[in-house]
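# Structural overview for review
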Amino acid sequence: MALARWLCLILALLSGLAVSGFPRNPSRLLGKRSLPEGAVDGIEVYSTKVNCKVTSRFAHNVVTTRAVNHANTAKEVSFDVELPKTAFITNFTLTIDGVTYPGNVKEKEVAKKQYEKAVSQGKTAGLVKASGRKLEKFTVSVNVAAGSKVTFELTYEELLKRHKGKYEMYLKVQPKQLVKHFEITVDIFEPQGISTLDAEASFITNDLLGSALTKSFSGKKGHVSFKPSLDQQRSCPTCTDSLLKGDFIITYDVNRESPANVQIVNGYFVHFFAPQGLPVVPKSVVFVIDVSGSMHGRKMEQTKDALLKILEDVKQDDYLNFILFSGDVTTWKDSLVPATPENIQEARKFVMDIHDRGMTNINDALLRGISMLNKAREEHTVPERSTSIIIMLTDGDANVGESRPKKIQENVRNAIGGKFPLYNLGFGNNLNYNFLENMALENHGLARRIYEDSDASLQLQGFYEEVANPLLTGVEAEYPQNAILDLTQNSYQHFYDGSEIVVAGRLADKDMNSFKAAVKGHGAINDLTFTEEVTPENITLWNGDSLSTFSWLDTVMVTQDGLSVMINRKKSMVVSFGDGVAFVVVLHQVWKKEPAHHDFLGFYVVDSRGMSAQTHGLLGQFFHPFDFQVSDVHPGSDPTKPDATMVVKNHQLTVTRGSQKDYRKDISVGRNVACWFVHNNGQGLIDGIHRDYVVPNLF
């Protein structure tokens with residue numbers, strides 16, 4: 001479970017203050033107070049703000065709650081935050097009457113011991129505990145003197161994962177009373193550009209949500225704000241309790257001009273890979289289903305409902321089988337069978353006839369399924385370009401046959417041999433979930449808990465949908481030798497439609513100009529390689545002391561104070577300002593195999609009508625009319641390029657006829673136009689000499 005490695009933390013306020021040890025201010029008037037609307041037991045939570053900033057899928061979240069004790073005696077104030085299970089706490093502070101007490105975030109085992117010690121000594125401490133399907137709860141309580149104010153501030157971070165084609169940010173909303181200033185603000189910045197953005201709440205009707213919700217996105221930036229008034233928070237027009245109790249979910253996706261995107265920051269890189277439109281790789285799937293006595297009743301019925309729905313979604317190119325286990329192991333068929341309409345109909349009858357019985361033999365059931373998949377591959381009874389998956393569902397621990405978790409893991413690991421993934425679904429809470437997760441992770445899969453609820457069948461179906469459409473197998477992300485340090489996982493058994501592979505690493509040379517990232521995989525028809533050229537060369541726009549940084553990999557438009565900058569990915573940057581002033585900087589990319597050739601920038605004026613008569617510079621001196629004459633056209637050293645005499649600025653020059661690219665209308669290829677070339681670096685044509693115009697920066 002990801003929590004065991006990342007989020008099972010304690011935050012203990014080991015400041016030495018006992019719970020009852022906060023001093024009262026004797027100057028405070030402790031007479032009868034009129035309590036604000038919504039205050040509970042004298043405690044008013046007057047502000048709760050959740051501020052989320054997402055950059056390149058990485059979310060930085062700050063939850064701030066402010067409360068005041070209106071009672072005449074000290075009161076305990078609790079601070080509860082439910083966090084995504086994939087998140088991790090980075091900071092917590094507690095501020096009482098202007099004095100801030102920082103917390104210490106500890107690892108799991110150390111945290112648990114310090115938490116118990118702190119509580120036994122009457123100190124303030126907080127602990128993260130499981131809380132539902134997607135969340136863990138962080139709770140801390142503190143005694144607050146009469147009339148005192150307290151501020152809780154928790155910071156946590158998480159990498160958002162792409163799920164069914166969208167990134168999801170999941171926030172739990174439960175203030176437990178009316179809050180005068182309640183606000184959720186989310187700002188998203190994605191260098192690839194945002195393609196979709198949405199927000200929804202489970203606790204409020206769309207009509208009320210619409211009036212309290214603001215959402216917008218343009219280019220690389222997205223914004224969501226949820227700010228309900230006191231009246232919008234009420235559970236009824238005259239009620240003093242809050243209806244804000246449920247889930248607030250933000251989903252978005254990014255533009256994908258190419259299958260991959262690589263971003264470089266401060267000598268590190270992150271590589272996002274999510275190809276689209278590929279044909280689905282056929283799969284051989286074995287469902288290993290627990291039918292022991294503990295599955296009796298609703299769990300068994302929900303499992304059968306889910307399997308029947310999954311059978312509707314199995315593709316005709318797939319192969320499948322069912323293995324049932326209790327005290328013994330039985331199979332639907334002796335080997336994998338193709339998902340023909342006739343076989344699917346027969347499978348439906350088999351599923352409807354499943355009933356619970358006996359004990360739980362996990363070891364033999366898994367080994368039977370693994371053997372079946374291995375045999376089909378060895379005997380070539382399944383397509384060469386196909387993949388294998390085994391999915392096990394159980395609600396308990398092994399209690400017959402081999403029942404030692406470590407030994408079962410060893411047997412399964414040796415049998416699979418790294419050839420295909422194992423996915424374990426744990427139904428309910430009465431099982432060793434760590435065992436299921438460890439076994440799945442050892443075999444390139446994952447574990448998922450199925451919660452005993454009315455929607456358990458939908459949970460099972462939802463998991464299958466995630467793995468139903470493999471687009472690539474044997475995926476490897478490759479980078480130049482000796483160019484990358486400290487690389488994260490870069491090989492994957494499968495890439496599934498709607499997901500995303502993320503690889504990060506450190507550049508060996510933080511000043512490296514460019515490198516190529518290649519992702520290779522086996523597709524349904526042929527082997528595929530996706531190559532992305534990476535360049536850290538930046539385009540920086542300054543506005544006073546603030547700056548915005550982009551790269552030639554971006555497509556974006558920035559408009560401010562009459563200035564417009566448009567970057568076209570790997571092509572050009574167009575700058576326009578004032579009335580009739582525009583120029584374009586073209587990125588000229590040259591043949592990479594010639595070491596003497598380098599990419600270069602071309603500066604071209606598109607519109608100079610708005611420039612003043614005082615405009616000068618290498619180009620500016622020619623923005624206004626001047627007199628010249630060309631005569632005495634005669635053959636030159638190259639018969640195809642005649643020479644002539646040009647009189648300009650009281651100088652007589654020898655010029656040569658030729659052609660040059662004009663990129664004003666076609667920035668990709670340009671258009672050939674005839675022109676006269678002036679020799680000797682333009683001497684006599686330009687004011688001064690060419691070295692007068694050499695500058696350290698373009699702007």
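Report follows, based on the coordinates. (Residues numbered from 1 in each chain as written. Predicted model: local features only at pLDDT ≥ 70, side-chain atom pairs only at ≥ 80, totals over all residues. Heavy atoms only, no water.)

## Some thoughts on the pairing of strand β26 (residues 447-450)
Examined bridge by bridge, strand β25 (residues 422-427) and β26 share four bridges and lie parallel to one another. Its bridge partner being in β26, N424 is matched across the sheet by A447. (Pairing = 2+ DSSP bridges. Helix = DSSP H or I, 4+ residues; strand = E, 2+ residues; numbered from the N terminus.)

## Side note on the packing of helix α5 (residues 298-313) against helix α10 (residues 456-467)
At a closest axis distance of 8 Å, the pairing of α5 and α10 adopts a crossing angle of 35 degrees. When you trace α5 past α10, the crossing you get is right-handed. Here Q302, T303, D305, A306, K309, I310 and D313 of α5 lie close against α10, whose contacting residues are A456, S457, L460, Q461 and Y464. (Axes fitted to C-alpha atoms, helices over the stretch in contact; angles between N-to-C directions. Left-handed = near helix turned anticlockwise from the far one by under 90°. Contact = heavy atoms within 4.5 Å.)

## Concerning the sheet that holds strand β15 (residues 213-218)
Taken together, eight strands build an open sheet; the order of strands is β6-β5-β10-β3-β2-β13-β16-β15 and the sheet is mixed. Looking at the sheet topology across the chains shown, the edges are occupied by β6 (99-102) and β15. Taken pair by pair, the neighbouring strands of this sheet meet at an average axis angle of 10 degrees, ignoring direction. In the sheet, strand β13 (residues 181-189) pairs with strand β16 (residues 221-226) via six bridges, with the strands oriented antiparallel. Bridge pairing links I184 to F226 in β16.

## Re the sheet that holds strand β11 (residues 162-163)
Paired through backbone hydrogen bonds, the strands of a sheet run either parallel or antiparallel to each other. One open sheet holds the four strands; their spatial order is β11-β12-β17-β14, and the pairing between them is antiparallel. Lying at the two open borders of the sheet, with one neighbouring strand each, are β11 and β14 (194-201). For β14 and strand β17 (residues 246-254), the ladder comprises seven bridges, and the chain directions are antiparallel. Within β17, the position partnered with D198 by the bridge is T251.

## Describing a nonpolar patch on the surface
Taken together, the side chains of F626, F628, V630 and V633 present a nonpolar region at the surface, about 340 Å² in accessible area. Along the chain, V633 falls in strand β40 (residues 628-638). Looking at V633, the relative accessible area reads 53%, which means it is exposed. (Patch = residues over 30% accessible without salt bridge, like charges linked within 9 Å, V, L, I, M, F, W, Y side chains within 5 Å. Areas by Shrake-Rupley, 256 points an atom, 1.4 Å probe, with all protein chains shown as cover. Salt bridge = Lys/Arg side-chain N within 4 Å of Asp/Glu carboxyl O. Buried < 20%, exposed > 50% of the residue type's maximum accessible area, 1.4 Å probe, protein only.)

## Focus on empty space enclosed by the protein
Counted under the stated rule, the structure contains three cavities of 30 Å³ or more. Put simply, the largest cavity is a space of about 110 Å³. Per element, the largest residue contribution to the lining of the largest cavity is four residues, and it comes from α5. A breakdown of the residues in the lining of the largest cavity according to their chemical character gives twelve nonpolar, one polar and no charged. (1 Å grid on protein atoms, 1.4 Å probe; cavity = no way out; pocket = protein on both sides within 12 Å on 5 of 7 lines; lining within 4 Å. Points joined across faces, edges and corners; volume = space filled by probe spheres on them. Nonpolar A, V, L, I, M, F, W, Y, C, P; charged D, E, K, R; others polar.)

## What to know about the nonpolar core
One finds F226, F248 and I250 to be the most contacted residues of the largest nonpolar core, which totals 53 residues. Looking at which element gives the most residues to this core, the answer is strand β2 (residues 43-55), with five residues. Setting aside anything within four residues of it in sequence, one finds F226 in contact with F182, E183, I184, F203, L209, A212, L213, L244 and F248. Judged by nonpolar contacts, the second largest core, of 36 residues, contains I289, L324, F427 and A456. (Core = buried A, V, L, I, M, F, W, Y, C linked by side-chain atoms within 4.5 Å.)

## Describing the packing of aromatic side chains
Counted according to the given criterion, the structure contains 16 aromatic pairs. Seen from their ring centres, F269 and Y479 are 5.1 Å apart, and the 55 degrees between their planes marks the pair as tilted. Placement of the pair is F269 in strand β19 (residues 268-273) and Y479 in the loop between β27 (470-478) and β28 (484-485), with a sequence separation of 210 residues. Classification of Y479 as buried rests on a relative accessible area of 13%. (Phe/Tyr/Trp six-rings, centres within 6.5 Å; stacked < 30°, edge-to-face > 60°.)

Read these as spatial facts, not as claims about activity.
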